[in-house]
Amino acid sequence: MKVVVIGGTGLIGSKVVAKLGEHGHEAVAASPDTGVNTLTGEGLAEVLKGAQVVVDVSNSPSFERDAVLKFFQTSTTNLLKAEAEAGVGHHVALSIVGTERMPDNGYFAAKIAQEQLIEKSGNPFSLVHATQFFEFSRAIADTATVDGKVRMPPVLFQPIAAEDVAQAVGKAAVSAPLNGHRQIAGPTQYRMDDFFRQALAAWGDPREVVTDPQAQYYGTVPGERTLVPDDGAATLGTITYRDWLATNKS
């Protein structure tokens, strides 16, 4: 089948395109780099011709609260309209575990808005809710650094490899629409402070990790289970952080 991957040149999208191609599907990477812009609508009608499925793994270039909300509302509205006009039968979107538990977080609020547009569109859909990616762990640590110390809350944390995320998204794309969501997470659950203490040691990073129950995650203090899936509800990836780190040194 023809599957158009919005954000198909990025971290997750490029992996989804490769995996679908390996299984004999016509996977088309769509992004501003390939002449497709979901904010303006440029190139959408052309790329969606003959597509059975659209996978949206795009991301906002800005995480500022108003900018990220505008991005997801505008791009999703344009995309869903173009899909309906092209007769696309399945919309798959990647979102985040715990969006509904931290609505005060600007990025999470924008993802909630995106999901609501998809759910109300009338288009058959599947939402894949993923936990944080291993690939973003350094950025999370840097954002949490205050006066040279990494301040982390002792909440539950279950990160996942981008490779496992792409596998789950690709599987959703070639399956029947859920008209609902599926949760995915890494194989190991940690305390967030403990994970980063181990991770920084593995990186050879001398920064101290300080356990702080009031430490913020991108501007909001997370609760005990904000960032992890419901008990027993998630499909777990197979790649551990130790195994991932062995092949991802940078």
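Preceding this section is the structure that the text describes.
First things first, this report covers the structure right here in the doc. (Residues numbered from 1 in each chain as written. Predicted model: local features only at pLDDT ≥ 70, side-chain atom pairs only at ≥ 80, totals over all residues. Heavy atoms only, no water.)

It is worth spelling out the sheet that holds strand β7 (residues 149-152) at this point. In space, the three strands of this open sheet follow the order β6-β7-β11, with mixed pairing throughout. Of all the strands in the sheet, just β6 (145-146) and β11 (209-211) have a single pairing partner and so form its edges. Pairing of β6 with β7, which is carried by two bridges, proceeds in the antiparallel orientation. When the sheet's bridge partners are listed, valine 146 is paired in β7 with lysine 149. Against the sheet, helix α7 (residues 192-203) touches β7 and β11, its axis set at about 170° to β11. (Pairing = 2+ DSSP bridges. Helix = DSSP H or I, 4+ residues; strand = E, 2+ residues; numbered from the N terminus. Contact = heavy atoms within 4.5 Å. Axes fitted to C-alpha atoms, helices over the stretch in contact; angles between N-to-C directions.)

This part takes up the nonpolar core. Met152, Met192, Phe196 and Tyr241 are the most contacted members of the largest nonpolar core, which totals 30 residues. Contributions of two or more residues to this core are made by α3 (65-86), α4 (106-120), α5 (137-143), β7, α7 and α8 (241-247). Counting residues per element, this core draws most heavily on α7, which supplies six residues. If sequence neighbours within four positions are ignored, tyrosine 241 has contacts with Phe134, Ser137, Tyr190, Phe195, Ala199 and Trp203. Among the nonpolar cores identified, the runner-up in size contains 23 residues, and Val17, Val53, Ile160 and Val169 belong to it. (Core = buried A, V, L, I, M, F, W, Y, C linked by side-chain atoms within 4.5 Å. Buried < 20%, exposed > 50% of the residue type's maximum accessible area, 1.4 Å probe, protein only.)

We now examine the packing of α3 against α4. For any two helices packed against each other, one specifies the inter-axial angle together with the distance between the axes. Packing of α3 against α4 brings their axes to within 8 Å, and their N-to-C directions diverge by 15°. With respect to α4, the axis of α3 lies roughly parallel. Relative to α4, the crossing made by α3 is right-handed. Facing Arg65, Val68, Leu69, Phe72, Gln73, Thr76, Thr77 and Leu80 of α3, the residues of α4 in contact are Gly106, Tyr107, Ala109, Ala110, Lys111, Ala113, Gln114, Leu117 and Ile118. Taken together, the residues of the contact of α3 with α4 sort by class into ten nonpolar, five polar and two charged. (Parallel < 35°, antiparallel > 145°, perpendicular 65-115°, else oblique. Left-handed = near helix turned anticlockwise from the far one by under 90°. Nonpolar A, V, L, I, M, F, W, Y, C, P; charged D, E, K, R; others polar.)

Helix length check: helix α6 (residues 162-173) (twelve residues) gives 16 Å between terminal C-alpha atoms against 16 Å at 1.5 Å per residue, within 8%. Of all twelve residues that make up α6, nine are buried, and the element is covered over most of its length. Where α6 is buried, its residues contact β1 (2-6), α1 (11-22), β3 (53-56), β4 (90-96), β5 (125-130) and β9 (181-185). (Expected span 1.5 Å × (residues − 1).)

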